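Chain by chain, the residues:
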Amino acid sequence: MWRKIFNHSKDVVAESEGLMKKVIKMTGVSKNVNYIYNPHFETQNEIKSKSEFVTPKFKYILGLGRLTKQKNFPLLIKAFSLIDNANELKLIIIGNGEEKSKLKKIVNKMKINSEVLFLGNLEDPLGYLENAEFLVIPSLWEGLPRVAIEAQALKTPIISACEEGGLSEILMNGKAGIITKNNDVNEMKNSIEKYLQNPKMALSHSELGFNNIERFALETSAKEYLTKFS
């Protein structure tokens, strides 16, 4: 059915290059399939934390998202429990969902209750995102998540466990962030330690992401749509 619809369409526009490739593989149609990134902001400056945010007095890495199977926070918690934590680094997890009780049980079992903080849903989490050592996205799969683009706008380094999909594109195939194998605890642990031990690398990755973030601006997407449909 989709092959027939796409063959009779003038244009098919996916939200990312990864999704475009999946569409082509699924349908066998490629002549009229393209991609344009969904816009995530009008101006880069609109992504900023509120001035009244109080920065925590400790260093932390951040996990942010719905606490569901897809987001795979057990991977992040288990990897965090394995790192050499001599600097008293903490893990902050922001979000709610059906896996919250399961995640707390994992934390209890690993005896890292004092090092892992569950903050629930926050109306404005950007202050925590901006001040994190880095953001970790341990998801099993993702599309083009806004939280990664927000992190780049705030110059926060990113580690992602998604080899495929839009996250790889956001991170410029590993040039603007670390991409680990999917659901690999040891590789995630090693990547966390790599950023902790090499802040210059983390800074270099975050600056590259920041300098290329206009890909996700409203003006950029609008120009591409206007070109396509003019």
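Numbering of residues starts from 1 in every chain and runs along the sequence as written. Selection of residues for local features in this predicted model requires a pLDDT of at least 70, selection of side-chain atom pairs for listing and counting requires 80 or more, and totals for whole chains, interfaces and linings are taken over all residues. Heavy atoms from the whole structure form the basis of all side-chain values; hydrogens and water molecules are not counted.

This part covers the packing of helix α3 (residues 73-82) against helix α8 (residues 185-197). Note on method: axes are straight lines fitted to C-alpha atoms, helices fitted across the in-contact stretch only, with angles between N-to-C directions ranging 0 to 180 degrees. Labels follow the DSSP assignment, with helices taken as runs of H or I lasting at least four residues and strands as runs of E lasting at least two, numbered in each case from the N terminus. One can describe the packing of α3 onto α8 by two numbers: an axis separation of 8 Å at closest approach and a directional angle of 60 degrees. Judged by the inter-axis angle, α3 sits oblique to α8. When you trace α3 past α8, the crossing you get is right-handed. Between α3 and α8, the residues in contact are L75, L76, K78, A79 and L82 and V185, N186, M188, K189, I192 and E193, respectively. Note that the term roughly parallel is reserved for angles under 35 degrees, roughly antiparallel for angles over 145, roughly perpendicular for angles of 65 to 115, and oblique for everything else. Each crossing gets its handedness from the near helix: less than a right angle anticlockwise from the far helix is left-handed, clockwise is right-handed. Note on contacts: a residue pair qualifies if any of its non-hydrogen atoms lie within 4.5 Å across the two residues.

We now examine the pattern of salt bridges. For side chains bearing opposite charge, pairing can occur when the charged atoms are close. What makes a salt bridge here is a side-chain nitrogen of Lys or Arg within 4 Å of a carboxyl oxygen of Asp or Glu, nothing more. Per the counting criterion, the structure on display carries 7 salt bridges. Its salt-bridge partner being D11, residue K228 comes within 3.7 Å of it at the nearest N-O pair. One end of the pair, K228, is in helix α10 (residues 218-229); the other, D11, is in the loop between α1 (2-7) and β1 (12-14), and 217 residues separate them in sequence. Of the residues examined, D11 reaches a relative accessible area of 26% and is grouped as partly exposed. The residue E193 makes a salt bridge to K189 at a minimum N-O spacing of 3.4 Å. Residue E193 and its partner K189 are located together in helix α8, separated by 4 residues, close to a single helical turn. Taken individually, E193 and K189 each receive the classification buried, so the pair is uniform in this respect. For the exposure calls, accessible area comes from a 1.4 Å probe over protein chains only, and a residue counts as buried if that area is under 20% of its type's maximum, exposed if over 50%, partly exposed in between.

Next up on the list: the side chain of T68. You can see T68 is positioned in the loop between β3 (60-64) and α3. On the basis of relative accessible area, T68 is assigned to the buried category, the value being 10%. Not counting chain neighbours up to four residues away, the residues in contact with T68 comprise E98 and E99.

Before going further, it helps to examine the environment of I178. Within the element layout of this structure, I178 appears in strand β8 (residues 178-179). Distance from I178 to S168, taken between C-alpha atoms, is 9.3 Å for residues 10 residues apart in sequence.

Ring geometry is summarised as follows: Phe, Tyr and Trp rings, the Trp one being its six-membered ring, pair when their centres sit within 6.5 Å, and such pairs are stacked at plane angles under 30 degrees, edge-to-face over 60 and tilted between the two. Applying the stated criterion across every chain, the model contains 6 aromatic pairs. Through a chain of ring-to-ring contacts, the aromatic side chains of F53, F58, Y60 and Y128 assemble into a single cluster. Should the NZ of a Lys or the CZ of an Arg lie within 6 Å of a ring centre and within 35 degrees of the ring normal, that charge is described as sitting over the ring. Taking NZ or CZ as reference, K155 lies 4.6 Å from the ring centre of F210, over its face.

This part takes up the packing of α8 against helix α9 (residues 199-211). Remark: α8 packs on α9, axes separated minimally by 5 Å, with the N-to-C direction vectors making an angle of 95 degrees. Considered as vectors, α8 and α9 are oriented roughly perpendicular to each other. For the pair α8 and α9, the contacting residues are K194, Y195, L196 and Q197 in the first and P199, M201, A202 and H205 in the second. Residue composition of the contact of α8 with α9, by class: 5 nonpolar, 2 polar and 1 charged. Residues are grouped as follows: Ala, Val, Leu, Ile, Met, Phe, Trp, Tyr, Cys and Pro are nonpolar; Asp, Glu, Lys and Arg are charged; all remaining types, including Gly, are polar.

Take the pairing of β3 next. Within β3, 4 of the 5 residues are buried, leaving the element largely enclosed by the surrounding structure. Two strands form a pair only when DSSP identifies at least two bridges running between them. Two elements, β3 and strand β4 (residues 90-94), share 5 bridges in a ladder whose sense is parallel. Each bridged residue has a counterpart across the sheet, and for I61 the counterpart in β4 is L91.

Quick look at the environment of F41 now. Mapped onto the elements, F41 comes out in the loop between β2 (33-35) and β3. Separated by 105 residues in sequence, F41 and R146 have C-alpha atoms that sit 9.6 Å apart. Other than its neighbours up to four places away in sequence, F41 contacts E46, I47, R146, I149, I213, E214, F216, A217 and L218.

The subject of this paragraph is the environment of L140. Checked against the element boundaries, L140 lands in the loop between β6 (135-137) and α6 (146-153). For the pair L140 and K22, spaced 118 residues apart in sequence, the C-alpha to C-alpha distance is 17 Å. Setting aside its immediate chain neighbours within four residues, L140 contacts K69, Q70, N72, C162, N182 and N183.

Below, the discussion takes up unusual backbone geometry. A positive phi is found at M172, a non-glycine position, where the angle reads about 50 degrees. Mapped onto the fold, M172 is located in the loop between α7 (166-170) and β8. In this model, N183 sits at a positive phi of 60 degrees, which is unusual for a non-glycine residue. Looking at the secondary structure, you find N183 in the loop between β8 and α8.

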